[in-house]
Amino acid sequence: MSFLVEENPAKHRFEILVDDALAGFTAYLPRGEVLVFTHTDVEERFQNMGVGSALIRGTLDQIRERGDRLVAKCPFVAAFIDRHPEYADLVVAES
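Let me begin by describing the structure that accompanies this report. No experiment lies behind these values; they were computed from the predicted model shown.

Turning our attention to helix α1 (residues 51-66). Taking 1.5 Å as the rise per residue, α1 with 16 residues should run 22 Å; its terminal C-alpha atoms sit 23 Å apart, in good agreement. Every buried residue of α1 is accounted for by Val51, Gly52, Ala54, Leu55, Ile56, Gly58, Thr59, Leu60 and Ile63. Buried residues belonging to α1 abut β1 (3-8), β2 (13-18), β3 (21-31), β4 (34-42), β5 (69-72) and α2 (75-83).

Next up, the structure:
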């Protein structure tokens, strides 16, 4: 099974493809160099396979690469960062 995480700026979300099929996304609201993550969804047939974690890890790695920061309003994103404190430096408090 191959995972590919890509940003879809037109829809304000990062998407994960599993073997070329859209398996899920994490949606954000752009606020300058800060992305406010609001919702994550993984298709039912791809749940409990690590797809959600791969999606968030790939998303956070891309955010780090381009020097952006985020607000984790989405409970799934927030829980992932809690479990993976190496990404905590990307989080900013919402103003």
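Membership of the largest hydrophobic core comes to 23 residues, with the highest contact counts inside it found for Phe14, Phe37, Leu60 and Leu70. Mapped by element, the contributors of at least two residues to this core are β2, β3, β4, α1 and α2.

The next subject is the pattern of salt bridges. One pass over the structure, following the stated rule, counts five salt bridges. For Arg64, the salt bridge identified is with Asp89, shortest N-O distance 2.8 Å. You can see Arg64 sitting in helix α1 and its partner Asp89 sitting in the segment after α2, a full 25 residues away along the chain. We classify Asp89 as partly exposed; its relative accessible area is 44%. Bridged by salt links that share partners, the residues Glu7, Arg66 and Asp68 form one connected network.

For the rest of this paragraph, the subject is the side chain of Thr40. Counting through the fold element by element, Thr40 comes out in strand β4. For Thr40, a relative accessible area of 15% gives the class buried. Setting aside residues no more than four positions away along its own chain, Thr40 makes contact with Phe25, Thr26, Leu55, Ile56, Cys74, Phe76 and Val77.

If you walk across this open sheet you meet the five strands as β1-β2-β3-β4-β5, and the pairing is mixed. Where the open sheet ends on each side, the last strands, each with one partner, are β1 and β5. Within this sheet the neighbouring strands show an average axis-to-axis angle of 30°, counted without direction. Two elements, β1 and β2, share six bridges in a ladder whose sense is antiparallel. Note that in β2 the partner of Glu6 across the bridge is Glu15. Against the sheet, α2 engages β3, β4 and β5, with an angle of about 115° to β5.

Before going further, it helps to examine the packing of α1 against α2. Taken N-terminus to C-terminus, the directions of α1 and α2 make an angle of 80°; their axes are 10 Å apart at the nearest point. In terms of their interaxial angle, α1 and α2 are classed as roughly perpendicular. Across the interface between the two elements, Gly52, Ser53, Ile56, Arg57 and Leu60 of α1 pack against Phe76, Val77, Phe80, Ile81 and Arg83 of α2. Its residues placed into classes, the contact of α1 with α2 shows six nonpolar, two polar and two charged.

Another point: the packing of aromatic side chains. Scanning all chains against the criterion turns up four aromatic pairs. Ring centres of Phe80 and Tyr87 lie 6.0 Å apart, and the angle between their planes is 45°; this geometry places the pair in the tilted category. For the pair Phe80 and Tyr87, one class covers both residues: buried. Ring-pair connections join several aromatic residues into one group, and the members of that group are Phe14, Tyr28 and Phe37. Sitting above the plane of the Phe25 ring, Arg13 keeps its charged end 4.3 Å from the centroid.

Cut-offs and rules
Along each chain, residue indices are assigned from 1 in the same order as the chain's sequence is written. Local features in this predicted model are restricted to residues of pLDDT 70 or higher, and side-chain atom pairs are both shown and tallied only at a pLDDT of 80 or more, whereas totals for entire chains, interfaces and linings draw on every residue. For the side-chain quantities, the full set of heavy atoms in the structure was used; hydrogens and water were omitted. Helix and strand definitions here come from DSSP, where helices need a minimum of 4 consecutive H or I residues and strands a minimum of 2 consecutive E residues; each element is numbered from the N-terminal end. Each residue after the first adds 1.5 Å to the expected span of a helix. We call a residue buried when its accessible area falls under 20% of the maximum for its residue type, exposed when it is over 50%, and partly exposed in between, using a 1.4 Å probe and counting protein chains only. Any pair of residues with heavy atoms lying within 4.5 Å of one another is described as a contacting pair. In this text, buried Ala, Val, Leu, Ile, Met, Phe, Trp, Tyr and Cys residues form a nonpolar core when linked through side-chain atoms within 4.5 Å. Note on definitions: salt bridges are taken to be side-chain nitrogens of Lys or Arg within 4 Å of carboxyl oxygens of Asp or Glu. Between any two strands, pairing holds if DSSP finds at least two bridges. For helices, the fitted line uses only the C-alpha atoms of the stretch in contact; every axis is such a line through C-alpha atoms, and the angle between N-to-C directions lies from 0 to 180 degrees. When an angle is under 35 degrees it counts as roughly parallel; over 145 it counts as roughly antiparallel; between 65 and 115 it counts as roughly perpendicular; any other value is oblique. The classification used treats Ala, Val, Leu, Ile, Met, Phe, Trp, Tyr, Cys and Pro as nonpolar, Asp, Glu, Lys and Arg as charged, and all other residues, Gly among them, as polar. Pairing of aromatic side chains requires ring centres within 6.5 Å, counting the rings of Phe and Tyr and the six-membered ring of Trp. Pairs whose planes differ by under 30 degrees are stacked, by over 60 edge-to-face, and all others tilted. Ring-over charges, as used throughout, are those where CZ of Arg or NZ of Lys falls within 6 Å of the ring centre and within 35 degrees of the ring normal.

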